[in-house]
Amino acid sequence: MSPSALYRTVARAEAITWTLLIIAMVLKYAVKVGDWPVSIAGFVHGFVFLTYIATSILVGMNQRWSKRLILGAASNISDSVPDSSF
């Protein structure tokens, strides 16, 4: 698998798990099914998000991206810091 294909695959997985987490939150608060959907989706999303950060750094180093680009790809401020949407 090429570095760009790996990066694209992990980025898509991160987006899918984020969507599943939003659905789990709707189930928890609107449908009142309990905490279990958020516990499961939150764990999976957290793991995939950390994988995305690591993959961003490794692929950036492999592809000789600038340090600024690597930091930008790995950090995505609105996802990493709570309540920081601009």
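Residues numbered from 1 in each chain as written. Predicted model: local features only at pLDDT ≥ 70, side-chain atom pairs only at ≥ 80, totals over all residues. Heavy atoms only, no water.

Caption draft 1: Highlighting the overall build of the chain. From N to C terminus, the chain includes 4 helices and 0 strands. Taken from N to C terminus, the helices and strands of the chain fall in the order α-α-α-α. Looking at the chain residue by residue over its 86 residues, the buried ones come to 26%. Summing over all exposed atoms, the chain offers an accessible surface of approximately 6200 Å²; the carbon and sulfur share of this is 69%. (Helix = DSSP H or I, 4+ residues; strand = E, 2+ residues; numbered from the N terminus. Buried < 20%, exposed > 50% of the residue type's maximum accessible area, 1.4 Å probe, protein only. Areas by Shrake-Rupley, 256 points an atom, 1.4 Å probe, with all protein chains shown as cover.)

Caption draft 2: Local environment of the packing of helix 2 (residues 36-62) against helix 3 (residues 67-75). Where helix 2 contacts helix 3, the two axes come as close as 8 Å, and the packing angle between them is 160°. Taken together, helix 2 and helix 3 sit at an angle that is classed as roughly antiparallel. Between helix 2 and helix 3 lies a crossing of right-handed hand. Contact residues: helix 2 offers Tyr52, Ile53, Ser56, Ile57, Gly60 and Met61, while helix 3 offers Ile70, Ala73 and Ala74. Looking at the contact of helix 2 with helix 3 residue by residue, the class counts come to 7 nonpolar, 2 polar and no charged. (Axes fitted to C-alpha atoms, helices over the stretch in contact; angles between N-to-C directions. Parallel < 35°, antiparallel > 145°, perpendicular 65-115°, else oblique. Left-handed = near helix turned anticlockwise from the far one by under 90°. Contact = heavy atoms within 4.5 Å. Nonpolar A, V, L, I, M, F, W, Y, C, P; charged D, E, K, R; others polar.)

Caption draft 3: Inspection of the nonpolar core at higher detail. With 6 residues, the main nonpolar core is built from Tyr7, Val10, Phe49, Tyr52, Val59 and Ala73. Only helix 1 (3-31) and helix 2 provide two or more residues apiece to this core. With 3 residues, the single largest contributor to this core is helix 2. With residues near it in sequence (within four places) discarded, Val59 still touches Pro3, Leu6, Tyr7 and Trp65. (Core = buried A, V, L, I, M, F, W, Y, C linked by side-chain atoms within 4.5 Å.)

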